[in-house]
Protein chains: 2
Amino acid sequence: MSIATDLSASEVLGIAIKSEIDAAAVYDHLAKKIRNRALSEKIIFLRKEEEQHRRLLEEMFTRNFPGVELLLPEKGLHPEMNMEVTRNMTVPELFELAMEAEETSRDFYADLAEKSKDESGRATLRYLSNMESGHYYLLKTEYEMVTQFPGYYEADDFHVGMDLIHVGP
Amino acid sequence: MSIATDLSASEVLGIAIKSEIDAAAVYDHLAKKIRNRALSEKIIFLRKEEEQHRRLLEEMFTRNFPGVELLLPEKGLHPEMNMEVTRNMTVPELFELAMEAEETSRDFYADLAEKSKDESGRATLRYLSNMESGHYYLLKTEYEMVTQFPGYYEADDFHVGMDLIHVGP
């Protein structure tokens, strides 16, 4: 990914942190649009994970650039992840955006890990990459339900066989 | 999987429910052994997911066998998941057990989904299979950290570069 080679390490960390902030905001927005409590809790779990990643990256910044002020770029890896755009998106569309963003983040961290010369930095970046990959699969599993069974996310709770009225192909 | 063909549908559901109960208990036990709050929260998330699966399967049972009493077998899919065995296991050992169990459950549900003649039952079982697969990847990601960096799960909180003292090969 060219973004990681053309920029300084501190700029790359800034982009990563901004991206985690954006992702957490999208999950927060998505969770509020979902009435199914179990599903909503899963999305809140993802929001918390992205918040944890942000803290992790901020610590990494402080350790690598002591005394340097962290400047966040206006845009992260996923520029479409801003409330102007996401406000009017449907639940399935938000899932699609989030899945795409998780894939981008997975590749971004994997690429950074390869470039990192520091052992603990490399391990952390690989860990972040694997986590985003896990998020992608979690979202994909739920996305299949969301698109096949609209009642799934609109219902207060999930009832097998009652809400599961198949409308897909 | 022969277990699904030699038994009645109600017996199979009983085994699945018992297995989810056992898995939730192992996650509860594991979460208590972990001092790293972020990691412990992840394991609690998994416990809640298995509890949700249990409710889902119980609803499936009630719908398919109205008026029939749900009898749970003594052993589920993972007989080693009982406190007699797990009490003395280390954190990495518990991760290994949980990962193996998630793989078994993933295959079990996938197999049942294929055999199911009911569309909503099939969708639910596929969904369960995909969820267990997601759990496996979440555990695998954390397991790599747990085995490489023992300080990771023993620390109250996770500090990049400070706790990340590499001990692996």
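Definitions and cut-offs
Residues numbered from 1 in each chain as written. Chains lettered and ligands numbered in written order. Predicted model: local features only at pLDDT ≥ 70, side-chain atom pairs only at ≥ 80, totals over all residues. Heavy atoms only, no water. Helix = DSSP H or I, 4+ residues; strand = E, 2+ residues; numbered from the N terminus. pLDDT = per-residue confidence, 0-100. Contact = heavy atoms within 4.5 Å. Axes fitted to C-alpha atoms, helices over the stretch in contact; angles between N-to-C directions. Parallel < 35°, antiparallel > 145°, perpendicular 65-115°, else oblique. Left-handed = near helix turned anticlockwise from the far one by under 90°. Nonpolar A, V, L, I, M, F, W, Y, C, P; charged D, E, K, R; others polar. Buried area = accessible area lost by both parts, 1.4 Å probe. Salt bridge = Lys/Arg side-chain N within 4 Å of Asp/Glu carboxyl O. Polar contact = N/O pair within 3.5 Å; in protein donor to acceptor, adjacent residues only side chain to side chain. Phe/Tyr/Trp six-rings, centres within 6.5 Å; stacked < 30°, edge-to-face > 60°. Buried < 20%, exposed > 50% of the residue type's maximum accessible area, 1.4 Å probe, protein only.

1. Points about the environment of A:Lys32
Argument step 1. Summarising the element assignment, A:Lys32 is placed in helix α2 (residues 9-32).
Argument step 2. A C-alpha to C-alpha distance of 17 Å links A:Lys32 and A:Glu96, two positions 64 residues apart in sequence.

2. Points about the confidence of the model for chain A
All names here are of chain A.
Argument step 1. Scored by pLDDT, chain A comes out at a mean of 87, with 89% of its residues at no less than 70.
Argument step 2. Mean pLDDT across the elements of chain A ranges from a minimum in helix α1 (residues 3-6), with 54, to a maximum in helix α5 (residues 91-115), with 96.
Argument step 3. Across residues 161-169 the pLDDT falls below 50, and counting only partners more than four positions away or on other chains, this stretch makes 20 contacts in the model.
Argument step 4. For this predicted complex, the interface confidence score (ipTM) comes to 0.81, while the overall pTM stands at 0.86.

3. Things to note about the packing of helix α3 (residues 37-64) of chain B against helix α6 (residues 119-148) of chain B
All names here are of chain B.
Argument step 1. The N-to-C vectors of α3 and α6 enclose an angle of 165 degrees; their axes lie 11 Å apart at closest approach. If you check the angle between α3 and α6, you find them roughly antiparallel. The handedness of the crossing between α3 and α6 comes out as left-handed.
Argument step 2. Grouping the constituent residues of the contact of α3 with α6 by class yields 13 nonpolar, six polar and six charged.

4. Focus: the side chain of B:Glu20
Argument step 1. Checked against the element boundaries, B:Glu20 lands in helix α2 (residues 9-33).
Argument step 2. With residues near it in sequence (within four places) discarded, B:Glu20 still touches B:Glu50, B:His53, B:Arg54, B:Leu57, B:Tyr109 and B:Glu132.

5. Overview of the interface of chain A and chain B
Argument step 1. Counting residues at the interface gives 31 residues for chain A, matched by 31 residues for chain B.
Argument step 2. When the two sides are added together, the surface that chain A and chain B hide from each other amounts to roughly 2800 Å², 63% of it contributed by carbon and sulfur.
Argument step 3. Viewed at the interface, chain B and chain A are joined by two salt bridges.
Argument step 4. B:Lys42 is the salt-bridge partner of A:Glu49, the closest N and O atoms lying 3.0 Å from each other.
Argument step 5. Counting across the chain A and chain B interface gives eleven residue pairs in polar contact (both at pLDDT 80 or more).
Argument step 6. Those elements that place two or more of their residues in the side of chain A that touches chain B are α3 (37-64) and α6 (119-148) of chain A.
Argument step 7. Broken down by element, the residue count for the side of chain A that touches chain B peaks at 14 residues, all from α6(A).
Argument step 8. Class assignment for the residues of the side of chain A that touches chain B results in 14 nonpolar, nine polar and eight charged.

6. A closer look at the packing of aromatic side chains
Argument step 1. One pass over the full model with this rule turns up eleven aromatic pairs over all chains.
Argument step 2. Both rings, one in A:Phe95 and one in A:Tyr143, keep their centres 6.5 Å apart while their planes meet at 35 degrees; by these two values the pair is tilted. One end of the pair, A:Phe95, is in helix α5; the other, A:Tyr143, is in helix α6, with 48 residues separating them in the sequence. There is no split in this pair, since A:Phe95 and A:Tyr143 are both buried.
Argument step 3. Pairwise contacts between aromatic rings join A:Tyr136, A:Tyr137, B:Tyr136 and B:Tyr137 into one cluster.

7. Details of the pattern of salt bridges
All names here are of chain A.
Argument step 1. Tallying each qualifying case throughout the model produces 26 salt bridges over all chains.
Argument step 2. Between Asp 22 and Lys 18 there is a salt bridge, with its nearest N and O atoms 2.9 Å apart. In this pair, Asp 22 and Lys 18 are both assigned in helix α2, four residues apart and thus about one turn of the helix distant. Of the two residues, Asp 22 and Lys 18, both sit in the buried class.
Argument step 3. The network of salt bridges with common partners includes Asp 28, Lys 32, Arg 47 and Glu 51.

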